[in-house]
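Overview (structure and organization)
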Amino acid sequence: MKIVHTINELQAELSVLKAQGKKVGLVPTMGALHAGHASLVKRSVKENDITVVSVFVNPTQFNDKNDLIKYPHTLDADCKLLEANGCSFVFAPSVEEMYPEPDTRQFSFAPLDTVMEGAFRPGHFNGVAQIVSKLFDAVKPHRAYFGEKDFQQLAIIREMVKQLHYDLEIVGCSIIREEDGLALSSRNARLSTHEREIALKISQTLFKSRTFAADHSVSETLRFVEESIAAEKGLRLEYFEIVDGNNLQKIKDWANTNYAVGCITVFCGEVRLIDNIKYREI
Ligand code: PAF
């Protein structure tokens, strides 16, 4: 495994390998890697000859500057995890390398980016599109891997690929959970022992709501989740929406779609956690 810091260096390495017909998989990350990221890397290693993992805390996607300051930087530990999982290249650029000048591009992925995370984190998805498009341009991968935990991000990246005509395959990978059900997230490390116990209620509520939804309406299911979260002191619901997984718009009736997904964001103390669950899938 090689660690490279510049686009030139990375492209020089990759052009030789691509000329030999090797397929390249890209796993974009912001570091602070855990088993969820490892699952993306493993999948890429299985499906491609070369796997590039980018580790870059992208400043343009943080609408909350405090969040950016607190974001963990753990490159040494990240490299150990990546080497153990078969990564070929770690691409760890500086901010100046990725943004030699300010990126003024404004994307629109409406209606996908106007709801949920897009509504609560203004500018977030524009920043994600800026960095992911720069990574696609730098690496020109055959496939790129993203987790389904960031369900809306995945939908927006698929839309960006369509809009900008990128010639690559986007691979969405299932949420990886702790044994007790909590969705893996770099932010879980910021939970106190007590908060970690309470946070479990989020995934438990989503799982229960899937059973509940089998014989209840969409609005009853929304209320079920809202009330379960409200009943837990220490959790504060930011939003829970049941949407059509293709266009991310709220559904009123299960019959409106064959791909219904419940997306939730909850504050556990100061830590903002997201999760989602599929109710109906084609
Ligand atoms: O999901 C993430 O970790 C980030 O949003 C991504 C896709 C690496 C872009 O910075």
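Up top you'll find the structure we're talking about.
These remarks concern the structure in this document. Note that the structure is a prediction, hence the values are computed from the model and not measured.

**Describing the layout of surface pockets**
Size it by volume and the largest pocket reaches roughly 250 Å³. Every element with two or more residues in the lining of the largest pocket is listed here: α3 (65–70) and β9 (271–280). Take the lining of the largest pocket: its biggest share by element is 3 residues, from α3. When the residues that make up the lining of the largest pocket are grouped by side-chain class, the tally is 3 nonpolar, 2 polar and 8 charged. By volume, the second largest pocket is sized at about 160 Å³. Lining of the second largest pocket is provided by 15 residues; of these, V55, F56, V57, H73 and P93 occupy positions nearest its centre. Here the lining of the second largest pocket is composed, by residue class, of 10 nonpolar, 4 polar and 1 charged.

**Re the side chain of H34**
By the element assignment, H34 lies in the loop between β2 (24–29) and α2 (35–47). Given the relative accessible area of 18%, H34 is considered buried. In this structure the side chain of H34 is engaged in a polar contact, spanning 2.9 Å, whose partner is the backbone nitrogen of G36. The contact partners of H34, leaving out residues within four places of it in the chain, are L81, L184, S185 and S186.

**Quick notes on the site of the ligand**
Taken together, the residues surrounding the ligand are P28, T29, M30, N58, Q61, I131, F146, D150 and Q153. Note that an oxygen atom of the ligand is positioned 2.6 Å from one of the side-chain N or O atoms of Q61. The separation between an oxygen atom of the ligand and a polar side-chain atom of Q153 is 2.7 Å. Taken by itself the ligand offers 290 Å² of open surface, and the protein chains cover 88% of this. More than half of the atoms of the ligand fall within 2 Å of the grid points belonging to the largest cavity. A per-class count over the shell around the ligand returns 4 nonpolar, 4 polar and 1 charged.

**Focus: the sheet that holds β2**
A sheet is described by the order of its strands in space; here 6 strands give the open sequence β1-β4-β3-β2-β5-β6, paired in parallel fashion. Because the sheet does not close on itself, it has two edges, and the strands there are β1 (2–4) and β6 (169–173). Neighbour-to-neighbour, the strand axes of the sheet open up by a mean angle of 25 degrees, direction not taken into account. Here β1 pairs with strand β4 (residues 89–91) via 3 bridges, running parallel.

**A closer look at unusual backbone geometry**
Comment: phi is negative for the bulk of residues other than glycine, and the bulk of peptide bonds are trans. In this structure, the amide linkage connecting A110 to the following residue, P111, adopts the cis form with an omega of 5 degrees. Checked against the element boundaries, P111 lands in the loop between α5 (95–98) and α6 (117–120).

**Here's the deal with the side chain of S133**
Inspection of the secondary structure assignment puts S133 in helix α7 (residues 124–139). Accessibility expressed as a relative area gives 0% for S133, which makes it buried. Among the polar contacts listed, one links the side chain of S133 to the side chain of R105, at a separation of 3.0 Å.

**Here's the deal with the packing of α7 against helix α8 (residues 151–163)**
Two numbers describe how α7 lies on α8: the axes approach to 11 Å, and their chain directions differ by 55 degrees. Relative to α8, α7 is oriented oblique. Helix-helix and strand crossings are classified by hand; for α7 and α8 the assignment is right-handed. On α8, the residues that touch F125, V128, A129, V132, S133 and F136 of α7 are Q152, Q153, I156, I157, M160 and V161. Class assignment of the residues belonging to the contact of α7 with α8 gives a composition of 9 nonpolar, 3 polar and no charged.

**Thoughts on the sheet that holds strand β8 (residues 260–268)**
Read from one edge of the open sheet, 3 strands run β7-β8-β9, paired in antiparallel fashion. Strand pairing shows two members of the sheet lacking a second neighbour, β7 (235–244) and β9, which therefore form its edges. Adjacent strand axes in the sheet meet at a mean angle of 15 degrees when their direction is disregarded. Two strands pair when backbone bridges link them, and β7 and β8 are joined in this way by 9 bridges, in the antiparallel orientation. For I242, the partnering residue across the bridge sits in β8 and is G262.

What counts as what
- Residues numbered from 1 in each chain as written.
- Predicted model: local features only at pLDDT ≥ 70, side-chain atom pairs only at ≥ 80, totals over all residues.
- Heavy atoms only, no water.
- 1 Å grid on protein atoms, 1.4 Å probe; cavity = no way out; pocket = protein on both sides within 12 Å on 5 of 7 lines; lining within 4 Å.
- Points joined across faces, edges and corners; volume = space filled by probe spheres on them.
- Helix = DSSP H or I, 4+ residues; strand = E, 2+ residues; numbered from the N terminus.
- Nonpolar A, V, L, I, M, F, W, Y, C, P; charged D, E, K, R; others polar.
- Buried < 20%, exposed > 50% of the residue type's maximum accessible area, 1.4 Å probe, protein only.
- Polar contact = N/O pair within 3.5 Å; in protein donor to acceptor, adjacent residues only side chain to side chain.
- Contact = heavy atoms within 4.5 Å.
- Near = heavy atom within 4 Å.
- Areas by Shrake-Rupley, 256 points an atom, 1.4 Å probe, with all protein chains shown as cover.
- Sits in = over half its atoms within 2 Å of the grid points.
- Pairing = 2+ DSSP bridges.
- Axes fitted to C-alpha atoms, helices over the stretch in contact; angles between N-to-C directions.
- Parallel < 35°, antiparallel > 145°, perpendicular 65-115°, else oblique.
- Left-handed = near helix turned anticlockwise from the far one by under 90°.

Everything listed is a geometric property; what it means functionally is a separate question.
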